[in-house]
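# Structural description and commentary
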Protein chains: 2
Amino acid sequence: MPTKTVPYTAGQERIARYAKALSHPARVYILRFLDKQCACYVGNIVEELPMAQSSVSQHLKELKNAGLIQGTVEPPKVKYCINRENWREARAMFAAFFEEG
Amino acid sequence: MPTKTVPYTAGQERIARYAKALSHPARVYILRFLDKQCACYVGNIVEELPMAQSSVSQHLKELKNAGLIQGTVEPPKVKYCINRENWREARAMFAAFFEEG
DNA sequence: ATAGTTTATCGTAAAAATACGATTGTCTTA
DNA sequence: TAAGACAATCGTATTTTTACGATAAACTAT
């Protein structure tokens, strides 16, 4: 009698969520860029990427929703940086996922 | 004069690819399951997951395409296991990604 | 007030992901 | 040869993702 009711663990849902945030090259690029620069304005990111400003904005939104970045308004600009707390958590989760045998 | 022609690095494309494989809880579950069991048949996985056999097969295909698992036919079954070489590469890439400042 | 700068959001179109049932192909066993 | 077991594939429907241009919102500077 198969279970078939198994939902996933909270940890599995969480790592899938972080993985989804990293599942597009543009978002990997943005995270890497922010990690290097420590922080920067949206315009700097738009300059780097081969896509429209609105598309970049959408990617930033997803990264923010995943908890990996955070933005602060500095009129008339917005500065983004890595959310270090969740960054550490993501690192730990991926490390644990690949380590455990 | 913004570049705008920047494609992503091979490493960025690669990590995005691995992340995409991990971006669904069912696939995280499958990988974790295979990592624990060392190897098992498709039927064992289907038993565990709350979805149709055809859907599980689809997820297995994606994991295989991403290079994270491999299957061997043992009539009338198919046994899957982690592709350790790429598993190690993925671990290294995620570790490097989150480590570098 | 007006004009300019910066970024988010809206509306939309096209593509990809997800899930299902049904079918097919392969191999065993009766 | 026929029947059964297993897993992949097909066809399809629904949802989500991705991208764009246009517009709106927030603030500065003139």
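This text follows the structure it describes.
Residues numbered from 1 in each chain as written. Chains lettered and ligands numbered in written order. Predicted model: local features only at pLDDT ≥ 70, side-chain atom pairs only at ≥ 80, totals over all residues. Heavy atoms only, no water.

### Here's the deal with the protein's contact with DNA strand C
Inclusion rule: Being near a molecule or strand, for a residue, comes down to having at least one heavy atom within 4 Å of it. Under the rule applied, a polar contact is a pair of N or O atoms within 3.5 Å (in protein, one hydrogen donor and one hydrogen acceptor; residues adjacent in sequence only if both atoms are side-chain atoms). Helix and strand definitions follow DSSP, with helices as H or I runs of at least four residues and strands as E runs of at least two, each counted in order from the N terminus. Asp, Glu, Lys and Arg are counted as charged, while Ala, Val, Leu, Ile, Met, Phe, Trp, Tyr, Cys and Pro are counted as nonpolar; the rest, among them Gly, fall into the polar class.
In the vicinity of DNA strand C lie 22 residues, with Q53, S57 and Y80 of chain A together with A52 and H59 of chain B positioned nearest. A52 of chain B places a main-chain nitrogen or oxygen 2.7 Å from a phosphate oxygen of DNA strand C. When residues of the surface near DNA strand C are traced back to their parent elements, those giving at least two are helix 3 (42–48), helix 4 (53–65) and strand 3 (77–82) of chain A together with helix 4 (53–65) of chain B. Considering every element that reaches the surface near DNA strand C, the biggest residue donor is helix 4 of chain B, with five residues. Residue classes in the surface near DNA strand C are distributed as eight nonpolar, nine polar and five charged.

### What to know about the protein's contact with DNA strand D
Around DNA strand D sit 22 residues in total, of which A52 and H59 of chain A together with Q53, S57 and Y80 of chain B are the nearest. For DNA strand D, the fraction of protein-proximal atoms (within 4 Å) that sit in sugar or phosphate groups is 60%. Within the side chain of Q58 of chain A, one N or O atom sits 3.4 Å away from a base nitrogen of DNA strand D. A distance of 2.8 Å is found between a phosphate oxygen of DNA strand D and a side-chain nitrogen or oxygen belonging to S57 of chain B. Examining the composition of the surface near DNA strand D, we find that five residues originate from one element, helix 4 of chain A, more than from any other.

### Some details on helix 4 of chain B
Residues and elements named next belong to chain B. In plain terms, the rule: By this rule, a helix spans an expected 1.5 Å times one less than how many residues it contains. A 1.4 Å probe rolled over the protein chains alone gives each residue an accessible area, and that area as a share of the maximum for its type sets the label: buried under 20%, exposed over 50%, partly exposed in between. In this description, one arc is meant: the one made by directions from the helix axis to the C-beta atoms.
Between its first and last C-alpha atoms helix 4 spans 18 Å; for 13 residues at 1.5 Å apiece the expected length is 18 Å, and the two agree. Buried within helix 4 are the following residues: V56, H59, L60 and L63. Seen end-on, helix 4 carries its buried residues on one side only, within an arc spanning 100 degrees. Exposed residues lying more than 90 degrees from the buried face of helix 4 are Q58 and K61.

### As for the interface of chain A and chain B
Put simply, the rule is: In what follows, residue pairs with any heavy atoms lying within 4.5 Å of each other are defined as contacts. Buried area is a sum: the accessible area each of two parts loses on coming together, probed at 1.4 Å, counted once for each and added. For this document, the term salt bridge refers to a Lys or Arg side-chain nitrogen within 4 Å of an Asp or Glu carboxyl oxygen.
Opposite the 37 residues of chain A that make contact, chain B presents 37 residues. At the boundary of chain A with chain B, total buried surface from both sides reaches about 3,700 Å², with 64% on carbon and sulfur atoms. Connecting chain A to chain B are two salt bridges. Those elements giving two or more residues to the side of chain A that touches chain B turn out to be helix 1 (10–21), helix 2 (25–37), helix 3 and helix 5 (84–99) of chain A. Among the elements that make up the side of chain A that touches chain B, the one with the highest residue count is helix 2 of chain A (eight residues).

### Description of the pairing of strand 2 (residues 69–74) of chain A
Residues and elements named next belong to chain A. Selection rule: Pairs of strands are assigned from DSSP output, requiring at least two bridges between the strands.
Alignment of strand 2 against strand 3, held across six bridges, turns out to be antiparallel. Across the sheet, the residue bridging to T72 is K79, located in strand 3. Counting the residues between successive antiparallel strands, the hairpin from strand 2 to strand 3 contains two residues.

### Quick notes on the relation of the copies chain A and chain B
Put simply, the test is: A residue counts toward the fit only if its pLDDT is at least 70 in both copies, and the copies are then superposed by least squares on the C-alpha atoms of those residues.
Mapping chain A onto chain B calls for a screw motion: a turn of 180 degrees about the axis and a shift of 0.0 Å along it, with 0.0 Å RMSD after fitting. One copy is carried onto the other by what is essentially a two-fold rotation axis. Among all residues of chain A, the minimum C-alpha distance to the rotation axis is found for A19 of chain A, at 2.4 Å. Most of the interface of chain A is mirrored in chain B, where 100% of its interface residues again form contacts.

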